[in-house]
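# Summary of the model geometry
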Amino acid sequence: MKLELSQVSRWYGNVVAVNDVTMTIGPGVTGLLGPNGAGKSTLLHMMAGFLGPSGGSVTLDGTKVWKNHRIYRNIGLVPEREGVYGFLTGWQFVLSAAKLHGLSDPISAAQKALATVEMEGPKDRRVETYSKGMRQRVKVAAALVHDPEVLLLDEPFNGMDPRQRMHLMDLIRAMGTAGKTILFSSHILEEVERVAQHIEVLVAGRHAASGDFRQIRRLMTDRPHLFRIKSSDDRKLAAALIVDASSGGVTLGPDGLEVQAVEFRRFAWLLPRVARAEGINLHQVSPVDEDLESVFSYLINRST
Amino acid sequence: MNTVVAGITYRALLGRRRILLLLLLPLALIGLAVLLRLTGGADQRSAILLMQNFAIATMLPLLGLIAGTGVIAPEIDDGTIIHLMSKPISRPVIAQTKFLVAASMLAVFAAVPTYFAAWLLVRNEDGIAFGFALGSLLGGIAYAALFLLLGVLTRHAVTIGVIYALIWEGMVGSFVKGAQNFSIQQWAQAIADQISTSAFIDQTAVTIGWAIPAIVIVTVGAVVWAGLRLRAFSLTGDE
């Protein structure tokens with residue numbers, strides 16, 4: 001199933017939380033990435049039918065999401081806030097979800113969902129006695145109980161220990177591989193990188209980038225890149241590179257050169273030619289900032 | 001009516017300390033009735049005073065507030081309501097179910113103790129016990145709907161509810177006669193007055209011909225409105 005956002009905006013009074021976002025979330029795992037306050041939760045709430053857009057539309061396979069309770073047959077939602085009745089046991093909580101969905105066999109559905117998140121052991125304890133990670137997992141179980149085509153998770157890894165986090169990541173990946181449409185929000189780059197095939201970046205309420213990590217990266221080849229270069233003659237290469245406008249700065253260190261390339265395309269074109277012309281052998285050319293963190297901070301700086 | 005929603009709501013209401021609050025007032029009412037009986041004050045006049053001033057004017061609005069807001073406001077506050085609302089159940093059905101739970105609470109914790117307390121004092125004389133119990137039941141239904149709506153509309157439902165019950169019904173109502181037309185408490189009194197034939201009940205300011213339609217309109221209107229508001233329920237992010 002496809003979630004489609006078309007020119008979606010949401011404002012509160014004078015404050016614009018989400019600004020003219022258009023995106024399509026299809027099968028597979030999509031990570032909604034952005035710093036705190038970027039409008040991720042606002043956007044996710046609109047996708048989940050818990051917030052009306054001020055402008056634009058959110059549809060699930062062509063059906064409007066807002067004020068339409070039927071969408072929950074196909075959507076599972078794991079909200080960020082607790083949202084779990086402390087006085088129910090894990091089992092009662094998940095079973096109630098199965099019954100609220102009107103499933104024909106709620107008991108086996110609840111058993112299966114609890115097994116999926118490995119919560120069969122503590123299922124008869126009250127939720128209020130659970131750790132944060134356990135609560136998170138029963139929430140996931142409750143959201144999965146009707147085997148939805150679309151799963152929306154708001155900051156799902158918050159408060160989980162590393163083992164639980166790995167487990168949930170595996171689960172999300174497996175569901176994505178099975179063709180479900182999954183979207184999760186996160187402000188932690190490493191999480192998104194590890195789980196999502198597709199990334200949507202939201203910065204200051206705007207849709208800053210879209211694609212897989214490499215595509216996003218390619219979209220932004222204009223940004224300054226930092227390269228570490230080792231060669232047969234670093235000093236000579238440094239001198240030859242700094243002459244050209246594509247290099248913004250060159251640092252000569254014991255481990256080789258660090259070159260700040262301000263024009264990525266030209267620099268990539270230039271470097272081998274300069275080396276050949278000067279008779280220098282390139283031993284190593286490696287990007288220093290080829291991680292999501294640097295892409296991200298670049299995007300933040302660009303849009304503010 | 002959804003039984004799963006009702007079950008969770010009952011557990012939320014009765015499982016916590018709120019049940020002590022719900023029990024406190026009816027126990028006080030029955031305690032007062034027992035005291036009057038023991039001290040030889042069990043006559044129609046004191047029975048009616050107790051019913052009017054405590055059962056209807058004090059206990060009913062307070063219990064209405066506890067049950068009416070209690071079935072939904074805490075869930076909205078802590079976000080647990082999402083569990084119910086992220087399911088393929090129409091939001092008006094959730095509102096109706098919550099209302100029925102609140103109304104049933106008032107029947108058990110207000111109307112039944114009212115009947116019992118009056119019965120302790122005067123048995124079934126002149127329809128006093130039945131009249132006040134029915135007034136309490138119907139008034140309780142209206143309170144449940146009104147305070148449920150308040151719980152959906154605002155996070156300050158309890159404050160506004162207390163102001164309505166104390167200031168409007170209690171104070172303004174006793175000075176400004178017209179205000180009594182818009183007082184659930186007066187509607188409940190009017191029903192008791194209508195049913196009981198006791199000479200000790202003063203003529204109420206509101207007629208039964210006004211009270212019954214008013215209760216129906218307020219109850220239906222509040223439940224429908226609450227359902228519509230829930231349809232557009234918005235989660236506002238912390239960001």
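Quick caveat, the model's predicted, so the values are computed rather than measured.

## Quick word on the overall build of chain A
- What chain A contains, in helices and strands, is 10 helices and 14 strands.
- Overall, the C-alpha framework of chain A stretches about 75 × 45 × 30 Å when taken along its three principal axes.
- In chain A, buried positions account for 45% of the 304 residues.
- In chain A, 67% of the contacts between residues at least 6 apart in sequence involve partners at least 24 apart.

## Overview of the interface of chain A and chain B
- Contacts between the two partners involve 28 residues from chain A and, on the opposite side, 24 residues from chain B.
- Breaking the side of chain A that touches chain B down by element, the ones donating at least two residues are α1 (40-47) and α2 (90-100) of chain A.
- Counting residues per element, the side of chain A that touches chain B draws most heavily on α2(A), which supplies 4 residues.
- Classifying every residue of the side of chain A that touches chain B by side-chain character gives 11 nonpolar, 11 polar and 6 charged.

## What about the pairing of strand β4 (residues 55-60) of chain A?
Residues and elements named next belong to chain A.
- With 5 bridges joining them, strand β1 (residues 3-12) and β4 adopt antiparallel strand pairing. Across the sheet, residue Leu-5 finds its bridge partner in β4, namely Val-58.
- Sheet topology note: the β4/strand β5 (residues 63-64) ladder contains 2 bridges and is antiparallel. The partner of Leu-60 across the bridge, within β5, is Thr-63.

## Focus on the UniProt feature "transmembrane region" (unreviewed entry) in chain B
All names here are of chain B.
- Mapped onto this numbering, the UniProt entry gives "transmembrane region" (unreviewed entry) at residues 19-38, 50-76, 97-122, 128-150, 157-176 and 208-228.
- In the segment residues 128-150, helix accounts for 100% and strand for 0%; the C-alpha atoms at its two ends are 32 Å apart.
- For residues 157-176, the end-to-end C-alpha separation is 25 Å, with 95% helix and 0% strand making up the annotated structure.

## Concerning the packing of helix α3 (residues 44-70) of chain B against helix α8 (residues 157-175) of chain B
All names here are of chain B.
- Following both chains from N to C, one finds α3 and α8 inclined at 160 degrees, their axes separated by 10 Å at the closest point. It follows that α3 is roughly antiparallel to α8 by the angle criterion. You can see that α3 and α8 cross each other, and the crossing is right-handed. Counted together, Pro-61, Leu-65 and Thr-69 of α3 and Ala-157, Val-158, Gly-161, Val-162, Ala-165 and Glu-169 of α8 form the full contact between these two elements.
- When grouped by side-chain class, the residues that make up the contact of α3 with α8 number 6 nonpolar, 2 polar and 1 charged.

## A short note on helix α9 (residues 264-278) of chain A
Residues and elements named next belong to chain A.
- For α9, which comprises 15 residues, the first-to-last C-alpha distance of 21 Å matches the rise-based estimate of 21 Å (1.5 Å per residue) to within 8%.
- For α9, the principal kink sits at Leu-270 and spans about 30 degrees; a proline, Pro-272, occurs within the next four residues.
- Taken together, the buried positions of α9 are occupied by Phe-267, Leu-271 and Ala-275.
- In this fold, the buried residues of α9 make contact with β11 (225-231), α8 (234-242), β12 (247-253), β13 (256-261) and β14 (282-287).
- Phi turns positive, to about 70 degrees, at Gly-279, one or two residues after α9.

Definitions and limits used
- Residues numbered from 1 in each chain as written.
- Chains lettered and ligands numbered in written order.
- Predicted model: local features only at pLDDT ≥ 70, side-chain atom pairs only at ≥ 80, totals over all residues.
- Helix = DSSP H or I, 4+ residues; strand = E, 2+ residues; numbered from the N terminus.
- Buried ≥ 20, exposed ≤ 12 C-beta atoms within 10 Å, placed from the backbone.
- Contact = placed C-beta atoms within 7 Å.
- Nonpolar A, V, L, I, M, F, W, Y, C, P; charged D, E, K, R; others polar.
- Pairing = 2+ DSSP bridges.
- UniProt positions renumbered as here; feature names shortened; annotations may be inferred.
- Axes fitted to C-alpha atoms, helices over the stretch in contact; angles between N-to-C directions.
- Parallel < 35°, antiparallel > 145°, perpendicular 65-115°, else oblique.
- Left-handed = near helix turned anticlockwise from the far one by under 90°.
- Expected span 1.5 Å × (residues − 1).
- Bend = angle between axes of the 7 residues up to and from the residue.

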